[in-house]
Amino acid sequence: MPHTRSMKMTTAFALDNEPLYQAWKRDKLAEYPSSLADLLVEIADPFALTDRERSALLARCAKSNMALFRLLHPEKVQSNPLPALTAQLGIHELDRNLGAGEDGLSALTPGGSAYDPFAAYIPYRAAAIGWHTDGYYNPADHQVQSLCLYCERPAHEGGENELLDHELVYMQLRDRNPQWIATLMEKDVMTIPARLDAQGEVARPERSGPVFSVNAEGTLHTRFTNRHKSIRWRSDSATTEALAAFRQVLQEPSPYLFRGRLQSGWGLISNNVLHTRNAFRDLPDAEGRILYRARFFDRLPSR
Ligand SMILES: [Fe+2]
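Since we're looking at a predicted model, the values are computed, not measured.

Draft legend 1. Main features of the overall build of the chain. Of regular secondary structure, the chain possesses 7 helices and 19 strands. Taken over C-alpha atoms, the radius of gyration comes to 19 Å for the chain, in line with the 19 Å a tight globule of 303 residues would show. Here the chain holds 303 residues, and 50% of them are scored as buried. Nonlocal contacts in the chain, meaning residues at least 24 apart in sequence, comprise 77% of its contacts between residues at least 6 apart. Accessible surface, the chain: about 14,200 Å² in total, of which carbon and sulfur atoms supply 52%. Charged side chains of the chain number 35 positive and 37 negative; the gap between the two group centres comes to 3 Å.

Draft legend 2. Looking closely at the coordination of the iron ion. Only His132 (NE2), Asp134 (OD) and His275 (NE2) from the protein coordinate the iron ion, and they sit 2.1 to 2.2 Å from it. Mapped onto the sequence, the residues coordinating the iron ion show the spacing H-x1-D-x140-H. Here the residue His132 occupies a position in strand β4 (residues 129–132), and His275 occupies one in strand β17 (residues 274–277), the gap between them amounting to 143 residues. With respect to class, His132 is no different from His275; both count as buried.

Draft legend 3. Structural context of the sheet that holds strand β16 (residues 266–270). Read across the open sheet, the 6 strands follow the order β1-β2-β16-β5-β19-β3; overall the sheet is mixed. In this open sheet, the two edge strands, each paired with only one partner strand, are β1 (40–43) and β3 (106–108). Taken over all neighbouring pairs, the strand axes of this sheet differ in orientation by 25 degrees on average, direction set aside. Packing of helix α3 (residues 51–64) onto the sheet brings it into contact with β1, β2 (66–71) and β16, and relative to β1 it is tilted by some 160 degrees.

Draft legend 4. Representation of the pattern of salt bridges. Taken as a whole and judged by the stated rule, the model has 15 salt bridges. Across the pair Arg293 and Asp134 runs a salt bridge whose closest N-O atoms are separated by 3.9 Å. Of this pair, Arg293 sits in strand β19 (residues 290–296) while Asp134 is found in the loop between β4 and β5 (146–153), placing the two residues 159 residues apart along the sequence. For the pair Arg293 and Asp134, a shared accessibility class is recorded, and that class is buried. What you see here is one network of salt bridges that share partners, running through Glu186, Asp188, Arg234 and Asp236.

Draft legend 5. How the structure looks around the pairing of β2. With respect to burial, β2 is a largely interior element, 5 of its 6 residues being buried. Bridging between β1 and β2 involves 4 bridges; their strand directions are parallel. Residue Glu42 lies in a different strand from β2, and its bridge partner there is Arg70. Each parallel crossover has a hand, and the one from β1 via α3 to β2 is right-handed. For β2 and β16, the ladder comprises 5 bridges, and the chain directions are antiparallel. Note on β16: the bridge partner recorded for Leu68 is Leu268.

Draft legend 6. Highlighting the domain arrangement of the chain. Domains assigned within the chain are domain 1 (1–30 + 166–255) and domain 2 (33–161 + 260–303). Inter-centroid distance (C-alpha atoms) of domain 1 to domain 2 is 23 Å. Here domain 1 meets domain 2 over a buried area of about 2,000 Å², counting both sides, of which 48% is carbon and sulfur. Of all residues in domain 1, His166, Arg195 and His221 bury the most surface against domain 2, accounting for 26% of the area lost on that side. Summed over the shared surface of domain 1 and domain 2, the result is 0 salt bridges. Viewed at the interface, domain 2 and domain 1 are joined by 11 residue pairs in polar contact (both at pLDDT 80 or more). Counting only elements with at least two residues in the side of domain 1 that touches domain 2, the list comes to α1 (18–29), α5 (166–176), β8 (190–192), β13 (220–222) and α7 (237–251). Considered class by class, the residues forming the side of domain 1 that touches domain 2 number 8 nonpolar, 7 polar and 9 charged.

Draft legend 7. Representation of α5. Most of α5 is tucked away, with 9 of its 11 residues classed as buried. Taken together, the buried positions of α5 are occupied by His166, Glu167, Leu168, Val169, Tyr170, Met171, Gln172, Leu173 and Arg174. At the N-terminal boundary of α5, the capping side chain belongs to Asp165, with an oxygen 3.0 Å from the backbone nitrogen of Glu167.

Draft legend 8. Spatial organisation of the sheet that holds strand β15 (residues 258–260). Pairing within the open sheet is antiparallel, and its 4 strands lie in the order β4-β17-β7-β15. Of all strands in the sheet, those with a lone pairing partner are β4 and β15, marking the two edges. Here the average twist between neighbouring strands, direction ignored, is 10 degrees. The pairing of β4 with β17 spans 2 bridges and is classified as antiparallel. Opposite His132, over in β17, you have His275 as the bridge partner.

Rules behind the numbers
Residues numbered from 1 in each chain as written. Predicted model: local features only at pLDDT ≥ 70, side-chain atom pairs only at ≥ 80, totals over all residues. Heavy atoms only, no water. Helix = DSSP H or I, 4+ residues; strand = E, 2+ residues; numbered from the N terminus. Rg over C-alpha atoms; globule rule 2.2 N^0.38 Å. Buried < 20%, exposed > 50% of the residue type's maximum accessible area, 1.4 Å probe, protein only. Contact = heavy atoms within 4.5 Å. Areas by Shrake-Rupley, 256 points an atom, 1.4 Å probe, with all protein chains shown as cover. Lys, Arg positive; Asp, Glu negative; His and termini not counted. Charge placed at Lys NZ, Arg CZ, Asp CG, Glu CD. Donors = N, O, S within 2.8 Å, 3.2 Å for Na, K, Ca; no water. Pairing = 2+ DSSP bridges. Axes fitted to C-alpha atoms, helices over the stretch in contact; angles between N-to-C directions. Salt bridge = Lys/Arg side-chain N within 4 Å of Asp/Glu carboxyl O. Right-handed = clockwise from strand over helix to strand, strands pointing away. Domains from an automatic or database assignment. Buried area = accessible area lost by both parts, 1.4 Å probe. Polar contact = N/O pair within 3.5 Å; in protein donor to acceptor, adjacent residues only side chain to side chain. Nonpolar A, V, L, I, M, F, W, Y, C, P; charged D, E, K, R; others polar.

Listed below in structure tokens is the structure:
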């Protein structure tokens with residue numbers, strides 16, 4: 001749901017309610033996680049979460065929009081646990097994007113796209129991927145609210161992720177210049193050009209949207225890519241300045257930025273936080289890196 005006038009009084013992310021924003025900020029920064037270990041929840045059986053495990057995952061997502069999990073017995077898991085795990089957390093509306101398999105999950109491994117024309121797309125290659133949120137090119141009414149990963153096998157070398165809570169990027173920008181937030185909330189600030197198929201037909205129409213938007217329940221959604229290809233930013237000076245400030249925040253050393261590599265049996269549960277992926281390398285005669293990815297149109301419940 002787009003941001004509307006009636007929700008301005010109830011969300012800290014509207015620019016016209018400074019006391020609410022300041023109260024939110026105090027809460028947000030109080031005991032904010034300071035290491036990967038703070039985000040990590042150990043799980044005995046992903047097909048039957050205990051109340052404690054479920055609450056621990058959701059509490060971390062409520063605080064920092066992300067949690068990591070580690071299966072205590074990955075050798076006992078016979079199938080990808082992500083569908084069962086995410087269902088138990090209360091997210092169900094899978095984004096069955098074109099690269100995904102019939103189960104709606106994407107196998108992120110070189111050559112893993114279920115849709116052949118996407119095989120050359122960057123998630124299915126070993127190259128580095130810069131800062132982005134998932135599905136920034138989706139239509140406004142089908143935004144990716146949550147993003148979950150499960151690592152079956154890490155790369156021989158590389159493949160680390162950086163993770164950054166988008167609410168903290170919002171906070172740093174707003175504290176420096178609220179006008180940047182106003183600009184990045186405008187609905188035509190970023191445009192993803194149409195995608196054409198091999199025949200030159202429009203497979204996905206051109207789409208414009210904001211970077212920051214407020215969901216119906218008052219939470220913050222962020223669309224972003226640091227790519228310069230297949231993205232067109234509005235060309236006025238306000239947008240150029242706000243975008244430069246956004247990129248500056250991503251470059252600065254930050255105590256809120258987490259960096260790590262998912263190991264076998266590890267995964268990420270998140271409200272589609274900003275993230276990167278380093279390039280990786282597998283050995284030519286060994287099985288390669290494989291991560292499963294699930295994207296959802298619903299956000300993780302707060303508990
Ligand atoms: Fe991604």
